[in-house]
Amino acid sequence: MSIFKANFSKTVLTSLLLVSLLSACEAEVTVHATQPELQTVTTMALAPSVSYLHTQEFTGTIRAGNTTGIGFELSGKIKLLAVDSGDQVKEGQLLARLDTDLLEAEKQELDANLSQNSADIELASSTLNRSLKLKQQGYTSEQQLDELKGKLASLLAAKKRLKASIHVNALKIEKSSLLAPFRGVISKRNNNLGEVIALGTPIFTLIQNNNPQAFVGVPIKVAKKLKAAQNISLRVADTHYTAKIAGIGAEVNPITRTVALRLLLPQDAKVINGELTYLAYENEIEQEGYWVPISSLTDGIRGLWNLYVITASGVADKSESFSIERRDVEIIYTKNDEAYIRGAVNSGEEFISQGLHKLVVGQKVKRNTAVALR
């Protein structure tokens with residue numbers, strides 16, 4: 001009985017020992033099998049720069065070369081309106097006309113007076129000629145001749161006045177038709193048919209559509225660096241144009257403290273009078289730093305930002321292994337999706353450009369081939 005118990009105990013111990021060894025081997029296999037591979041990250045190399053271009057935008061407005069309130073040079077009643085708001089017009093095209101009935105009646109009266117004057121002149125001239133013949137025979141005095149000559153001169157002067165009046169009447173009739181002074185578009189109609197208007201009242205607002213200009217206020221320092229006829233970039237809505245500086249103001253606006261620039265846009269620019277425009281001016285700022293993608297930066301402390309750089313840490317599976325380090329940097333300037341920075345970084349160091357949310361400081365990683373941003 002004791003021998004059986006001894007053998008049974010040895011068998012149990014042997015079984016337990018085998019189970020323990022198998023469990024240990026299985027755990028070791030599991031550890032090796034679940035060991036994670038090094039994560040591959042995309043990196044770039046820091047390339048130093050001694051300066052950066054600071055782009056500033058200044059706001060202005062679009063104005064047509066000519067925006068004119070067009071009206072009659074006379075007062076009167078509107079008889080015809082040939083165009084309306086939004087209509088395209090050509091130079092010399094009829095826009096409106098005044099009632100000319102009174103002027104036509106005045107013209108008839110002046111024509112009749114001129115006919116009467118011409119008859120009186122003919123009679124006075126004939127009388128004078130007869131009197132001159134009679135004077136040779138001694139039947140006419142010098143006083144009578146002088147009176148006849150004076151009457152004829154007075155009639156001739158009256159004829160000139162009548163002709164001048166007829167010319168003025170013709171001009172009034174002509175100016176009762178309002179013509180377009182240049183090619184453009186009617187932006188506004190101010191009066192209605194049949195209204196009696198005063199002298200100089202603007203009937204339409206006409207905007208020239210082939211001479212677009214931009215007026216932009218810039219700081220004095222910027223104005224001093226610009227020159228007439230210089231090309232410069234303008235943005236209207238989402239469209240970019242190359243404009244030419246036509247004039248630089250000679251005084252400072254007392255409210256905005258800016259100098260006005262007048263710029264010529266291309267003739268075919270699709271802009272609207274009064275539309276906002278933006279002038280982009282690039283100024284080179286001397287400041288050493290590095291350009292990096294904004295996606296490579298994370299929030300830091302005390303107003304700084306963090307850049308993740310990698311440093312060599314050894315060899316793993318025949319591939320280089322790197323450790324992640326966090327560096328404090330300051331953003332000097334941003335443009336689109338890039339940032340110009342300076343801080344605790346050096347030229348040539350490699351930084352992780354994307355995927356930072358998957359990484360932690362001190363983590364071991366592999367990298368792709370690093371390239372410089374600029």
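Positions within a chain are numbered from 1, following the residues in the order the chain's sequence is written. Side-chain atom pairs in this predicted model are given and counted only at pLDDT of 80 or more, local residue features only at pLDDT of at least 70, and totals for whole chains, interfaces and linings cover all residues. Note that water and hydrogens are dropped before the side-chain values are worked out from all heavy atoms of the structure.

Topic: the pattern of salt bridges
Side chains bearing opposite charge may pair, as long as their charged atoms lie close to each other. When a carboxyl oxygen of Asp or Glu lies within 4 Å of a side-chain nitrogen of Lys or Arg, that pair is called a salt bridge. Inspection of every chain in the model, using the stated rule, returns 10 salt bridges. A salt bridge links D84 to R189, with the shortest nitrogen-to-oxygen separation between them at 2.9 Å. With a gap of 105 residues between them, D84 in the loop between β5 (76-81) and β6 (88-89) and R189 in strand β9 (residues 184-189) connect regions that are remote in the sequence. When its relative accessible area of 31% is taken as the criterion, D84 is described as partly exposed. Judged by relative accessible area, R189 falls into the partly exposed class, the value being 27%. Linking K335 and E282 is a salt bridge whose minimum nitrogen-to-oxygen distance equals 3.4 Å. Secondary structure elements are defined from DSSP: runs of H or I of at least 4 residues count as helices, runs of E of at least 2 residues count as strands, and each element is numbered from the N terminus. Throughout this description, buried means an accessible area under 20% of the type-specific maximum (1.4 Å probe, protein chains only), exposed means over 50%, and partly exposed covers the range between.

Overview of the nonpolar core
For soluble globular proteins, the rule of thumb is that nonpolar side chains tend to be buried together. Note on terminology: a nonpolar core comprises buried Ala, Val, Leu, Ile, Met, Phe, Trp, Tyr and Cys residues joined through side-chain atoms within 4.5 Å. Ranked by internal contacts, the top residues of the largest apolar core, which has 22 residues, are L263, L265 and L279. Breaking this core down by element, the ones donating at least two residues are β3 (48-64), β12 (212-218), α4 (220-225), β13 (231-236), β14 (239-252), β15 (259-264) and β16 (276-293). Working rule for contacts: check all heavy atoms of both residues, and any pair within 4.5 Å makes them a contact. For L263, the residues in contact, after removing those within four places along its chain, are P212, Q213, A214, V216, I232, L234, A243, K244, I245, A246 and L279. If you look at the next biggest cluster of nonpolar residues, it comprises 17 residues, including F72, V89, L178 and I203.

Details of unusual backbone geometry
Of note, A229 is a non-glycine position whose phi angle comes to about 75 degrees, a positive value. Counting through the fold element by element, A229 comes out in the loop between α4 and β13. At A237, a position not held by glycine, the phi torsion is positive, near 60 degrees. Structurally, A237 can be placed in the loop between β13 and β14.

Points about the sheet that holds β6
Strand pairing in a sheet relies on backbone hydrogen bonds, with the paired strands running either antiparallel or parallel. At least two bridges found by DSSP between two strands are what make those strands a pair. The antiparallel open sheet is built from four strands, whose spatial order is β4-β11-β9-β6. Looking at the sheet topology across the chains shown, the edges are occupied by β4 (67-71) and β6. Inspection of the sheet shows β9 paired to strand β11 (residues 202-208) by five bridges, in the antiparallel sense. If you follow I186 over to β11, its bridge partner there is L206.

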